[in-house]
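What follows is each chain in one-letter form.
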Amino acid sequence: MLENNETDRPIVLLGGGHAHVEVVRSLGEHGHGRKIVLVSPSRHAPYSGMLPGYIAGRYRFEDFHIDLAALCGRNDVTFLETSATGIDPKRRSVSLADGKVVGYDLLSIDIGSAPSLPAGISGGIPVKPIASFAERLAQLDALAAEHEGPFRLTIVGQGVAGIEMAFALHERFARDRVQVTLAGRALRPVPERSRRTRKLVETALQQAGIEHYSGFDVVAFENGELVARDGRRLPVDEAVWTTSSGAPEWLRKTGLELDAGGFIRVDAALRSVSHSNVFAAGDVASLPDPRPKAGVFAVRQGPILADNIRRSLTGEALRAFYPQRAWLALISLSDGRAIADKWGLAVSGRGVQAWKHWNDTRFVQRYRRPR
């Protein structure tokens, strides 16, 4: 047990997600007077918005990762490089993979989501968790390099993540014999975005030579083929999954109230609806007004979460987080262009990519600067 004194337990932050890096920075900058512990399985936390650029070869590993140990060191926060395996809300403790148990006064959870493949499907390379995708990308590089003849690579999922992954991998393997295709159940790509954006994406796919298999609801991946519900079969050498995310399975044993998908139900203040000294943010949080599992919401939650942790310590009323009803999507095409989509409007070009680069790098640099 890290803390034996019941009245002197720390604030424990599980996960180094987009919201928690802001909590560490904000509490360190404004002072907190409490011991804080950040637990993360990796010292380096990736910024998801820059992952396509890394895959395409435009960013180095260090360009889009935040050094959590350094961030914690600058802000008087203890960093533990391990992962959580369980939470006991009654004892107010967290079990860690290294065998230790950490007691907490307040607990905040920002551990992201886990890959969720269609029922009965195994194999392929999931994009999430993003923190370890660089390792899986290296495995994909090796597979493509060792393969005799053209290497058939299919990205499954037509949302923003799938589209960006298809273009990024196409750019990464542009000089190799890799055939990149896109498949998913929707009839058109990025069905959640505007009609104009769908048209821009379809045009870009055609220009890049990325074949799109629409209405392809994958139900099996067997013997080198993706199988659709309607019986169609697509020969592939490897598949990359960007489909829906799931909650870490161990959360179901914590006693925290979860939604049907296993995510932690929170109120408008990002506080657990079942335990008042537990907060959650990012993908792992189930909001009262649901939103997609996207980094844009975790980034916006960070300042509110930090403020509410401070307010909890002083007994002040908590602030509500109001998620955007219309949110900006910046979709990288990995060819020097990007698409900006909001309010049903869309524009594409190199200027949008320059804006995206400025926006993304500004976020990362915010957590690298000394106070």
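Details of the structure are given in the entry above.
Given the structure is predicted, the values throughout are model-derived calculations rather than measurements.

The rules we used
Residues numbered from 1 in each chain as written. Predicted model: local features only at pLDDT ≥ 70, side-chain atom pairs only at ≥ 80, totals over all residues. Heavy atoms only, no water. Helix = DSSP H or I, 4+ residues; strand = E, 2+ residues; numbered from the N terminus. Rg over C-alpha atoms; globule rule 2.2 N^0.38 Å. Buried < 20%, exposed > 50% of the residue type's maximum accessible area, 1.4 Å probe, protein only. Contact = heavy atoms within 4.5 Å. Areas by Shrake-Rupley, 256 points an atom, 1.4 Å probe, with all protein chains shown as cover. Lys, Arg positive; Asp, Glu negative; His and termini not counted. Charge placed at Lys NZ, Arg CZ, Asp CG, Glu CD. Core = buried A, V, L, I, M, F, W, Y, C linked by side-chain atoms within 4.5 Å. Pairing = 2+ DSSP bridges. Axes fitted to C-alpha atoms, helices over the stretch in contact; angles between N-to-C directions. Left-handed = near helix turned anticlockwise from the far one by under 90°. Nonpolar A, V, L, I, M, F, W, Y, C, P; charged D, E, K, R; others polar. Patch = residues over 30% accessible without salt bridge, like charges linked within 9 Å, V, L, I, M, F, W, Y side chains within 5 Å. Salt bridge = Lys/Arg side-chain N within 4 Å of Asp/Glu carboxyl O. Expected span 1.5 Å × (residues − 1).

With that settled, consider the overall build of the chain. Summing up its helical and strand segments, the chain has eight helices and 25 strands in all. For a compact globule of 371 residues, the expected C-alpha radius of gyration is about 21 Å, and the chain comes in at 21 Å, within 12% of that figure. Over its C-alpha atoms, taken along the principal directions, the chain stretches across nearly 65 × 45 × 35 Å. By the burial criterion, 51% of the 371 residues in the chain qualify as buried. Across the chain, every contact between residues at least 6 apart in sequence was considered, and the portion connecting residues at least 24 apart equals 63%. Of the roughly 16900 Å² of accessible surface on the chain, a fraction of 48% belongs to carbon and sulfur atoms. Positive and negative charge centroids in the chain, built from 48 and 41 side chains respectively, lie 6 Å apart.

With 91 residues, the main nonpolar core has Ile-109, Leu-153 and Leu-169 as its most contacted residues. Considering every element that reaches this core, the biggest residue donor is helix 5 (residues 160-172), with seven residues. With twelve residues, the next largest nonpolar core counts Ile-121, Val-156, Ala-228 and Leu-234 among its residues.

The next subject is the sheet that holds strand 21 (residues 278-280). Strand order in the open sheet formed by five strands is 5-2-1-9-21, and the pairing between neighbours is parallel. Each edge of the sheet is formed by a strand with only one pairing partner; in this case those strands are strand 5 (78-81) and strand 21. Across the sheet, the axes of successive neighbouring strands diverge by a mean angle of 15°, strand direction being ignored. Direction of pairing for strand 1 (residues 11-14) relative to strand 2 (residues 36-40): parallel, over a ladder of four bridges. Across the sheet, residue Leu-13 finds its bridge partner in strand 2, namely Leu-38. Here helix 1 (residues 18-30) sits on the sheet and contacts strand 1, strand 2 and strand 9 (106-109); the angle it forms with strand 1, its principal contact strand, is near 150°. Packing of helix 7 (residues 295-314) onto the sheet brings it into contact with strand 1, strand 9 and strand 21, and relative to strand 9 it is tilted by some 165°.

Two elements in contact, helix 1 and helix 7, have axes whose closest approach is 7 Å; the angle formed by their N-to-C orientations is 35°. As helix 1 packs across helix 7, the resulting crossing turns out to be right-handed. Listed contacts from helix 7 to His-18, Ala-19, His-20, Glu-22, Val-23, Ser-26, Leu-27 and His-30 of helix 1 are Gly-295, Ala-298, Val-299, Gly-302, Pro-303, Leu-305, Ala-306, Ile-309 and Arg-310. Considered class by class, the residues forming the contact of helix 1 with helix 7 number nine nonpolar, six polar and two charged.

So, about a nonpolar patch on the surface. Together, Leu-328, Trp-355 and Trp-358 make up a nonpolar patch on the protein surface, roughly 310 Å² of accessible area in all. Topologically, Trp-355 is positioned in helix 8 (residues 350-366).

Since one α-helical turn is 3.6 residues long, residues separated by three or four positions face the same way. Compared with the 20 Å implied by 1.5 Å per residue over 14 residues, the 20 Å span of helix 6 (residues 195-208) between its first and last C-alpha is a close match. Listed as buried for helix 6 are Thr-197, Arg-198, Leu-200, Val-201, Glu-202, Ala-204 and Leu-205. Each element contacted by the buried residues of helix 6 is listed here: helix 5, strand 13 (178-183), strand 14 (211-213), strand 23 (329-332), strand 24 (338-342) and strand 25 (345-349). Just past helix 6, the residue Gly-209 takes up positive phi, approximately 75°.

Taken in spatial order, the three strands line up as 6-7-8 in an open sheet, and their pairing is antiparallel. Two strands lie at the open edges of the sheet, namely strand 6 (84-88) and strand 8 (101-103), each paired on one side alone. Direction aside, the axes of adjacent strands within the sheet are offset by 20° on average.

Residue placement: Gln-301 occurs in helix 7. With sequence-adjacent residues up to four places away left out, Gln-301 is seen in contact with Leu-270, Ala-281, Gly-282, Leu-287 and Phe-321.

By the definition in use, this model includes 30 salt bridges. A salt bridge links Arg-91 to Asp-88; the nearest nitrogen and oxygen atoms lie 3.9 Å apart. Using a relative accessible area of 26% as the deciding quantity, one classes Asp-88 as partly exposed. Asp-307 is the salt-bridge partner of Arg-310, the closest N and O atoms lying 3.7 Å from each other. With Arg-310 and Asp-307 both in helix 7, this residue pair falls three residues apart, about one helical turn.

We now examine the side chain of Gln-353. In this structure, Gln-353 sits in helix 8. If we skip the residues at most four places from it in the chain, Gln-353 touches Ser-332, Gly-336, Arg-337 and Ala-338.

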